[in-house]
Amino acid sequence: MTLDSTVRLVGPSASGPAGEIRVDHAGALVTLTIDRPERGNALTVAMYRALADAVATADADPGVRVIVLTGAGQDFCSGNDLDDFLAHPGTALALSSPVLEFHKAVLRTNTILVAAVDGAAVGSGATALLHFDLVYATRRSHLQYAFVDLGVVPDAAASLLLPRRLGPQRAAQLLLLGERLSAAQAAQLGLVTEVFESREHLDTRVAEQVAALLAAPEAALKATHALLRPTGADPVLRMSAETATSARLLGTADTAGRIASRAGGLLSAPDGSGS
């Protein structure tokens, strides 16, 4: 794909209207917008492919220094689209899946990643944020790692990265029980950088911080970004292990029943959010 301020359309979903990943390229900044507001910006396999391609293309462009990810409408990302994932059982949880490729892309990128979160960031919408350098959110936003109640395990190496950040007991509370974190609580835990009262204030602050990043010495910025990346146990190996485990669990009657009982076609937690 090319970064030419176009809208990347993705194919029809098994659960309704196709989603879009908007790609806007302005100088050294690329903004990616998950644009499926009628479904809470739930991600299909095709949307993951578009995101993975967009991150890889931006990372390969020496003129791009910052990637911003945000969501259209009332949510950042409510998780994975259940109906679409079940319609592509051999793709969604394969070790070569677009889902895993996106997670690996945000882990390995040399480009600064900034997230602008407004509304729900649930399941994969929350775990992806663990790989972002800066995460800004509105006060009404929340994070929720909703996996276990569905009968699957976390993704994006969250089972490795959250214990490192928060300690094993706090990570277990979030991953085993799927407790919802307000934006303020997430900021206290270091999972969100700053919290703002409105989307307008959020967008203003993100623009200010992006401008500061673009004004910084590029070599020092990228070197610091690289030093901040996870070290030690390989997160890619953990991502693969998580994916293989969820694929195995998806074949069990318990998980199949839990997922089938979720209304609306989203990989949803008991409160209606996704995974």
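Coordinates for the structure precede this section.
Each value, and the rule that gives it
Residues numbered from 1 in each chain as written. Predicted model: local features only at pLDDT ≥ 70, side-chain atom pairs only at ≥ 80, totals over all residues. Heavy atoms only, no water. Helix = DSSP H or I, 4+ residues; strand = E, 2+ residues; numbered from the N terminus. Buried < 20%, exposed > 50% of the residue type's maximum accessible area, 1.4 Å probe, protein only. Contact = heavy atoms within 4.5 Å. Areas by Shrake-Rupley, 256 points an atom, 1.4 Å probe, with all protein chains shown as cover. Salt bridge = Lys/Arg side-chain N within 4 Å of Asp/Glu carboxyl O. Pairing = 2+ DSSP bridges. Axes fitted to C-alpha atoms, helices over the stretch in contact; angles between N-to-C directions. 1 Å grid on protein atoms, 1.4 Å probe; cavity = no way out; pocket = protein on both sides within 12 Å on 5 of 7 lines; lining within 4 Å. Points joined across faces, edges and corners; volume = space filled by probe spheres on them. Nonpolar A, V, L, I, M, F, W, Y, C, P; charged D, E, K, R; others polar. Parallel < 35°, antiparallel > 145°, perpendicular 65-115°, else oblique. Left-handed = near helix turned anticlockwise from the far one by under 90°. Core = buried A, V, L, I, M, F, W, Y, C linked by side-chain atoms within 4.5 Å.

Undergrad: Would you mind showing me how to read the overall build of the protein here?
TA: Regarding its fold elements, the protein presents 12 helices and 10 strands. Looking at the protein as a whole, 51% of its 275 residues are labelled buried. Considering only contacts in the protein between residues 6 or more positions apart, those separated by 24 or more positions represent 71%. For the protein, the exposed area adds up to about 11,100 Å²; of that, 57% sits on carbon and sulfur atoms.

Undergrad: Would you mind showing me how to read the pattern of salt bridges here?
TA: Close approach of charged atoms allows side chains of opposite charge to pair. According to the stated counting rule, one finds 14 salt bridges in the structure shown. Taking the shortest distance from any N to any O, the salt bridge between Lys 104 and Glu 101 comes out at 3.0 Å. Placement of both Lys 104 and Glu 101 in helix α4 (residues 98–108) is noted, with a separation of 3 residues, approximately one turn of the helix. With a relative accessible area of 15%, Lys 104 lands in the buried category. Residue Glu 197 is joined to Arg 139 by a salt bridge in which the shortest nitrogen-to-oxygen separation is 2.6 Å. Residue Glu 197 is found in the loop between β10 (194–196) and α9 (199–215), and its partner Arg 139 is found in the loop between β7 (134–138) and β8 (142–144); the two are separated by 58 residues along the sequence.

Undergrad: Sorry if this is basic, but what is going on with the sheet that holds strand β9 (residues 180–182) here?
TA: Think of a sheet as strands paired side by side through backbone hydrogen bonds, with each pair either parallel or antiparallel. Across the sheet, 3 strands lie side by side as β6-β8-β9; this open sheet has mixed pairing. Lying at the two open borders of the sheet, with one neighbouring strand each, are β6 (120–122) and β9. Along the sheet, successive strands turn relative to each other by an average axial angle of 20°, direction set aside. Here β6 pairs with β8 via 3 bridges, running parallel. Paired with Val 122 across the bridge in β8 is Gln 144.

Undergrad: Please clarify how empty space enclosed by the protein should be interpreted in this entry.
TA: Any empty space left between atoms is shown by rolling a water-sized probe over those atoms. The full count for this structure, using the stated rule, is 3 cavities of 30 Å³ or more. There is about 60 Å³ of room inside the second largest cavity. Together, Ile 34, Leu 43, Tyr 48, Leu 51, Leu 69, Phe 76, Cys 77, Phe 102, Ser 124, Gly 125 and Ala 128 line the second largest cavity. For the lining of the second largest cavity, the elements supplying multiple residues, two or more each, are α1 (45–60) and α5 (124–127). In the lining of the second largest cavity, the residues fall into 9 nonpolar, 2 polar and no charged.

Undergrad: Help me understand the environment of Pro 154 in this model?
TA: Mapping Pro 154 onto the fold places it in the loop between β8 and α6 (158–166). For the pair Pro 154 and Thr 127, spaced 27 residues apart in sequence, the C-alpha to C-alpha distance is 7.8 Å. Apart from the residues lying within four places of it in its own chain, the contact partners of Pro 154 are Phe 147, Leu 175 and Glu 242.

Undergrad: Looking at this model, I keep getting lost on the packing of α4 against helix α11 (residues 235–250). Mind explaining?
TA: What describes two packed helices is the angle between their axes and the distance between those same axes. Two numbers describe how α4 lies on α11: the axes approach to 11 Å, and their chain directions differ by 160°. Relative to α11, α4 is oriented roughly antiparallel. Viewed along their axes, α4 and α11 form a crossing whose handedness is right-handed. Across the interface between the two elements, Leu 100, His 103, Lys 104, Leu 107 and Arg 108 of α4 pack against Pro 235, Val 236, Met 239, Ser 240 and Thr 243 of α11. Taken together, the residues of the contact of α4 with α11 sort by class into 5 nonpolar, 3 polar and 2 charged.

Undergrad: Explain the nonpolar core to me, please; I cannot follow it from the model alone.
TA: Side chains that are nonpolar tend, in soluble globular proteins, to be buried together. With 62 residues, the main nonpolar core has Leu 32, Leu 143, Tyr 145 and Leu 191 as its most contacted residues. Ranked by the residues each element gives to this core, the list is headed by α1, at 9 residues. Residues contacting Tyr 145, with those up to four places away along its chain left out, are Gly 123, Ala 126, Thr 127, Leu 130, Leu 162, Leu 174, Leu 175, Gly 178 and Leu 191. Counting residues in each nonpolar core, the second largest holds 13 residues, with Leu 29, Val 114, Leu 202 and Leu 221 among its members.

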